[in-house]
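Overview (structure and organization)
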Amino acid sequence: MIKRFGLLIIPIMLLAACEETDEGSEEMSEDQTEQAEVGLETIVEHLESPWSIDRHNDTFYLTERTGSIVKADAEGDERQEVELSDELSNASEAGLLGFVLSPDFEDSNEAYAYYTYEHEDGQFNRVVRLILSDDIWSEDEILLDDIPGGEVHHGGRLVIGPDEYLYITAGDAGEADLSQQLDSLGGNILRMTLDGAVPSDNPFDDSYVYSYGHRNPQGLAWSDDETMYASEHGDNTNDEINLIEAGNNYGWPVIEGMEEEEGMELPLFTSGDDTWAPSGMAYHEDSLYVAALRGNALMAFDLETEEYSEIITDLGRIRDVMVDGDYLYFVSNNTDGRGDPDETDDKLYRLPLADVE
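Calculation rules
Residues numbered from 1 in each chain as written. Predicted model: local features only at pLDDT ≥ 70, side-chain atom pairs only at ≥ 80, totals over all residues. Heavy atoms only, no water. pLDDT = per-residue confidence, 0-100. Contact = heavy atoms within 4.5 Å. Pairing = 2+ DSSP bridges. Helix = DSSP H or I, 4+ residues; strand = E, 2+ residues; numbered from the N terminus. Axes fitted to C-alpha atoms, helices over the stretch in contact; angles between N-to-C directions. Salt bridge = Lys/Arg side-chain N within 4 Å of Asp/Glu carboxyl O. Phe/Tyr/Trp six-rings, centres within 6.5 Å; stacked < 30°, edge-to-face > 60°. Buried < 20%, exposed > 50% of the residue type's maximum accessible area, 1.4 Å probe, protein only. Lys NZ or Arg CZ within 6 Å of the ring centre and 35° of its normal.

The predicted model of the protein has a mean per-residue pLDDT of 90, with 89% of residues at 70 or higher. Per-residue pLDDT stays below 50 along residues 1-37; that stretch engages in 102 contacts with residues further than four places along the chain or on separate chains.

The strand order across the open sheet formed by 4 strands is S12-S13-S14-S15, and the pairing between neighbours is antiparallel. Edge strands, defined here as strands with exactly one partner in the open sheet, are strand S12 (158-160) and strand S15 (209-212). The sheet shows a mean angle of 20 degrees between the axes of neighbouring strands, direction not considered. As paired elements, S12 and strand S13 (residues 166-170) share 3 bridges and run antiparallel to each other. The residue of S13 that forms the bridge with isoleucine 160 is leucine 166.

What follows concerns the pattern of salt bridges. Applying the stated rule across the entire model yields 19 salt bridges. Glutamate 93 is the salt-bridge partner of arginine 338, the closest N and O atoms lying 3.2 Å from each other. Of the two residues, arginine 338 is situated in the loop between strand S25 (327-332) and strand S26 (348-352) and glutamate 93 in the loop between strand S7 (76-83) and strand S8 (96-101); the sequence distance between them amounts to 245 residues. Two residues, arginine 126 and aspartate 145, come together in a salt bridge whose shortest N-O distance is 2.9 Å.

This part covers the packing of aromatic side chains. Under the counting rule described, the total for this entry stands at 17 aromatic pairs. When the centroid spacing of 5.9 Å and the interplanar angle of 90 degrees are considered together, the rings of tyrosine 61 and tryptophan 137 count as edge-to-face. Remark: tryptophan 137 occurs in strand S11 (residues 136-148) and tyrosine 61 occurs in strand S5 (residues 59-64); sequence separation between them is 76 residues. Both residues of the pair, tyrosine 61 and tryptophan 137, count as buried. In this structure, arginine 126 packs its charged tip against the face of tyrosine 117, placed 3.8 Å from the ring centre. Residue placement shows arginine 350 over the ring face of tyrosine 327; its charged tip is 3.9 Å from the ring centre.

So, about the pairing of strand S14 (residues 188-192). Here S14 lies mainly inside the structure; 5 of its 5 residues are buried. Side-chain alternation along S14 places Asn188, Leu190 and Met192 on one buried face and Ile189 and Arg191 on a second face that is also buried. Note that S13 and S14 share 5 bridges and pair antiparallel. Bridging across to S14, threonine 169 finds its partner in isoleucine 189.

This part covers the pairing of strand S18 (residues 240-244). Within S18, 4 of the 5 residues are buried, leaving the element largely enclosed by the surrounding structure. Summarising the sheet, strand S17 (residues 228-232) and S18 pair through 5 bridges and their orientation is antiparallel. From the neighbouring strand, glutamate 232 faces S18, where its bridge partner is glutamate 240. Looking at chain direction, S18 and strand S19 (residues 269-270) are connected through 2 bridges and run antiparallel. By the bridge assignment, glutamate 240 is partnered in S19 with threonine 270.

This is the structure:
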């Protein structure tokens, strides 16, 4: 049973500091060493491996890797069925992942989803259009198929960019060499029209590939001036926050972290010898807010000062984050088999931006 607690305020510690950063990043500033107590509102409890958040007016839609979409609004919460054309994969890191509502959702009841499915040759990922009718989401059209899946590294984030194109993060499926192959859909950030076509201004002819050399990117965000950023899992360490430009090569598996190679891009931030496992990401006023899985934190990366900090640290694994109005919304991910859930996990939280700025 999903439970809503619209006015429950839970005290939690906002950590405005973190230990010294690793090589290639700036140290935390001295004036960021105090802890402050803040209020945190729990919106929904008892989610099952939630992965992605979107919102229309006052209604939230949350994907669960197990194959459902949770709708949450002032009237309550419900778990909505999703009808797909192929069996959803239950492989590690797989399932119903990215989700974004269509810009005309209010009229069309359409959305876009990314999911891993079972095939006799293994696991693959696809991007589809869904239509909501009578509280059931049905697959209407396959827009992009045969994205490499494997057992791990599915990527899976969907975001409609400021140019009104659909951006997709695709992992290397555990086959690192795919990331340097432009004829592969794995290890890339992909870009398509909302009808599934290749945009005419994509950097490579007749290709969905927008940038390549990625290992397992899981977060996308744009600044107010439409600069694009992505979060990416490193190989145990050297997780990255990258500035993304069309056609650029981000190095995996040739380089990682602050290693250098001609023609390959360095990250803006790297975890160095630590591990964040960054997932969903949101932008607000010169900061990137990033959900960290193995880091068990909600993190803030200041693009102006090049400093970063952990702002929430005692809720376990964090999967996705969004900014809406004066609030940060984020979901924990402790029920995915890798966390330590309590009896009410997982949850959707709301945190005032004023408490973290």
